[in-house]
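Coordinate analysis (summary)
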Amino acid sequence: VDSSGAGNFTKLQHAIDAVPLNNNRWVQIRILQGTYREKVVIPIEKPFIFLKGDGKRKTLIVWNDHGNIDESPTFICAASHIIAKSISF
C-alpha cells in the first residue's frame with residue numbers, strides 16, 4: 001500500500017478487501033510510510049492478515065471522528081489471527 005500511488009493499492013482498506021474470504025494462509029500487507037486517512041475494517045471472514053508498516057512514527061492510520069470510541073473507531077478487527085506491526089493508529 002502506497003498513498004502516493006506507486007503501490008498496488010493507495011488505501012489499506014482496498015488491500016484488505018482484496019484478501020480472499022475465509023483465507024487460511026498468511027497474507028502480508030506492506031504499508032509504506034505515510035498518513036492514511038481512512039477507517040479500516042477487517043471482517044471476521046478475513047483471518048491471517050499481517051499488516052506491516054514502515055515504522056510507528058512513519059506509518060499512520062488516522063480518522064477524525066469525534067464520537068464515542070465504540071461508535072467511531074479508526075480500526076475495527078473482527079477476524080482472528082491478525083498482526084499489526086510498525087503502525088500507529
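It should be emphasised that the depicted structure is a prediction, and the values quoted were computed from it without experimental measurement.

1. A closer look at the pattern of salt bridges
In this structure the tally under the stated criterion is 1 salt bridge. The partner of Asp 54 in a salt bridge is Arg 30, with the nearest N and O atoms 2.7 Å apart. Of this pair, Asp 54 sits in the loop between β4 (49-53) and β5 (59-62) while Arg 30 sits in strand β1 (residues 27-31), and the two are 24 residues apart along the sequence. Judged by its relative accessible area of 42%, Arg 30 falls in the partly exposed class.

2. Some points on the side chain of Gln 13
Tracing the chain through its elements places Gln 13 in helix α1 (residues 12-17). Accessibility expressed as a relative area gives 16% for Gln 13, which makes it buried. Dropping the residues within four chain positions of it, Gln 13 is found in contact with Glu 38, Lys 39, Val 40 and Val 41.

3. A short note on the sheet that holds strand β7 (residues 82-85)
With respect to topology, 3 strands assemble into an open sheet ordered β1-β4-β7, the strand pairing being parallel. Two strands in the sheet have a free side with no partner beyond their single neighbour: β1 and β7. The sheet shows a mean angle of 15° between the axes of neighbouring strands, taken without regard to direction. Sheet topology note: the β4/β7 ladder contains 4 bridges and is parallel. Bridging across to β7, Ile 49 finds its partner in Ile 82.

Cut-offs applied
In every chain, residue numbers begin from 1 and rise along the written sequence. Two thresholds apply to this predicted model, a pLDDT of at least 70 for residue-level local features and 80 or more for giving and counting side-chain atom pairs, whereas whole-chain, interface and lining totals are computed over all residues. In computing side-chain values, all of the structure's heavy atoms are included and hydrogens and water are not. Think of a salt bridge as a Lys or Arg side-chain nitrogen and an Asp or Glu carboxyl oxygen that are within 4 Å of each other. In DSSP terms, a helix is any run of H or I states spanning at least four residues, a strand is any run of E spanning at least two, and both are numbered starting from the N terminus. When a residue's accessible area, from a 1.4 Å probe over protein chains only, is under 20% of the maximum for its type it is buried; when over 50% it is exposed; and in between it is partly exposed. In this description, contact between two residues means that some pair of their heavy atoms is separated by no more than 4.5 Å. DSSP calls a pair of strands paired once it identifies at least 2 bridges connecting them. Here an axis means a line fitted to C-alpha atoms, over the contact stretch when the element is a helix, while the angle between two N-to-C directions is reported on a 0 to 180 degree scale.

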